[in-house]
Every structure is written in C-alpha cells, then in structure tokens.
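Single-letter residue listing:
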Amino acid sequence: MSIIRSLIPQLANGPVSVKMDNRDGWALALVEAARGQNMHWVYLRNGVIERYKVRTASFCNWQAIEHAVLGNIVPDFPLINKSLNLSYAGTDL
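Criteria and thresholds
- Residues numbered from 1 in each chain as written.
- Predicted model: local features only at pLDDT ≥ 70, side-chain atom pairs only at ≥ 80, totals over all residues.
- Heavy atoms only, no water.
- Helix = DSSP H or I, 4+ residues; strand = E, 2+ residues; numbered from the N terminus.
- Buried < 20%, exposed > 50% of the residue type's maximum accessible area, 1.4 Å probe, protein only.
- Phe/Tyr/Trp six-rings, centres within 6.5 Å; stacked < 30°, edge-to-face > 60°.
- Lys NZ or Arg CZ within 6 Å of the ring centre and 35° of its normal.
- Salt bridge = Lys/Arg side-chain N within 4 Å of Asp/Glu carboxyl O.
- Axes fitted to C-alpha atoms, helices over the stretch in contact; angles between N-to-C directions.
- Parallel < 35°, antiparallel > 145°, perpendicular 65-115°, else oblique.
- Left-handed = near helix turned anticlockwise from the far one by under 90°.
- Contact = heavy atoms within 4.5 Å.
- Nonpolar A, V, L, I, M, F, W, Y, C, P; charged D, E, K, R; others polar.

Colleague: What exactly am I supposed to notice about unusual backbone geometry here?
Modeller: Working note: non-glycine residues mostly have negative phi, and peptide bonds are mostly trans. Even without a glycine there, the phi angle at Asn 46 is positive, about 55°. Relative to the assigned elements, Asn 46 resides in the loop between strand 2 (36-45) and strand 3 (48-55). Backbone geometry places Asn 85, a non-glycine residue, at a positive phi of 50°. Relative to the helices and strands, Asn 85 is located in the segment after helix 3 (77-84). Here Asn 85 falls in the partly exposed class, since its relative accessible area comes to 41%.

Here you go:
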C-alpha cells in the first residue's frame, strides 16, 4: 500500500471515465498479470452489457504444454506441467 500511495501523486491529471454519446459499442482492456496478459472485452447494446469475454494468460499458454512434452517420457509430465504454472480454473485474473 505504501508503494501505491507514493505513486498516486505522480499520476497525470485527466478524466478517469468518458461519457458515451452512443449507447452501443465495445471496449477492450489488456492487463498484465503474474502469468502473462489477461484480456477483458465488453460489448454494449442500448446501454446494456450484451457480451463480456475474459481471456486469461493461462488460456493462451496451455497450448505450450503440447510442445513442451514432445520427446519426454510420461513421468516427466508433472514437472513440465508445474514449471509452466498454469491455472486450471482460470483463477489467474
């Protein structure tokens, strides 16, 4: 908390929200997390959230397991799996 409090005065002045003239649209946010980049996407129609998508860093990195295990024996899988430290339940938000 002390780090956050010390950085707040250094933030640039400006709005933290934007008024939308149109009630339809979408927004995308990319957030860096411990395991990589998380993505949040929201789609509004008539001012109501119609779709919301979250993609965690682990979701993208699960495909790396397939390549990491090539040429290894089955008992090596737990070590390879844990070395990537991926989330099974998408809790790395």
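Once the structure has been displayed, the description carries forward.
Colleague: It is not clear to me how the packing of aromatic side chains should be interpreted in this structure. Could you clarify?
Modeller: What describes a pair of aromatic rings is the distance from one ring centre to the other and the angle between the planes of the rings. With the rule as written, the count across this model stands at 1 aromatic pair. Seen in terms of ring centroids, Trp 41 and Tyr 43 are 6.2 Å apart; in terms of plane orientation they differ by 10°. Their pairing is stacked. A cation over a ring is seen here: Lys 53 above Phe 59, with NZ or CZ 5.7 Å from the ring centre.

Colleague: Where do I start with the environment of Asn 22 in this structure?
Modeller: Its location among the elements puts Asn 22 in the loop between helix 1 (2-7) and strand 1 (25-33). As for Asn 22 and Leu 70, which are separated by 48 residues in sequence, their C-alpha atoms are 51 Å apart.

Colleague: Where do I start with the pattern of salt bridges in this structure?
Modeller: Between side chains of opposite charge, a pair can form as their charged atoms come close. This model, assessed by the stated rule, comprises 1 salt bridge. Two residues, Glu 50 and Arg 45, come together in a salt bridge whose shortest N-O distance is 3.4 Å. Residue Arg 45 is classed as partly exposed on the basis of its relative accessible area of 40%.

Colleague: Would you mind showing me how to read the packing of helix 2 (residues 57-68) against helix 3 here?
Modeller: Between two packed helices, the angle of one axis relative to the other and the distance separating the axes together describe the packing. Contact pair helix 2 / helix 3: the axes reach a minimum separation of 10 Å and the direction vectors enclose 150°. If you check the angle between helix 2 and helix 3, you find them roughly antiparallel. Helix-helix and strand crossings are classified by hand; for helix 2 and helix 3 the assignment is right-handed. In this structure, helix 2 contributes Trp 62, Ala 64, Ile 65 and Ala 68 to the contact, and helix 3 contributes Phe 77, Ile 80, Asn 81 and Leu 84. When the residues that make up the contact of helix 2 with helix 3 are grouped by side-chain class, the tally is 7 nonpolar, 1 polar and no charged.

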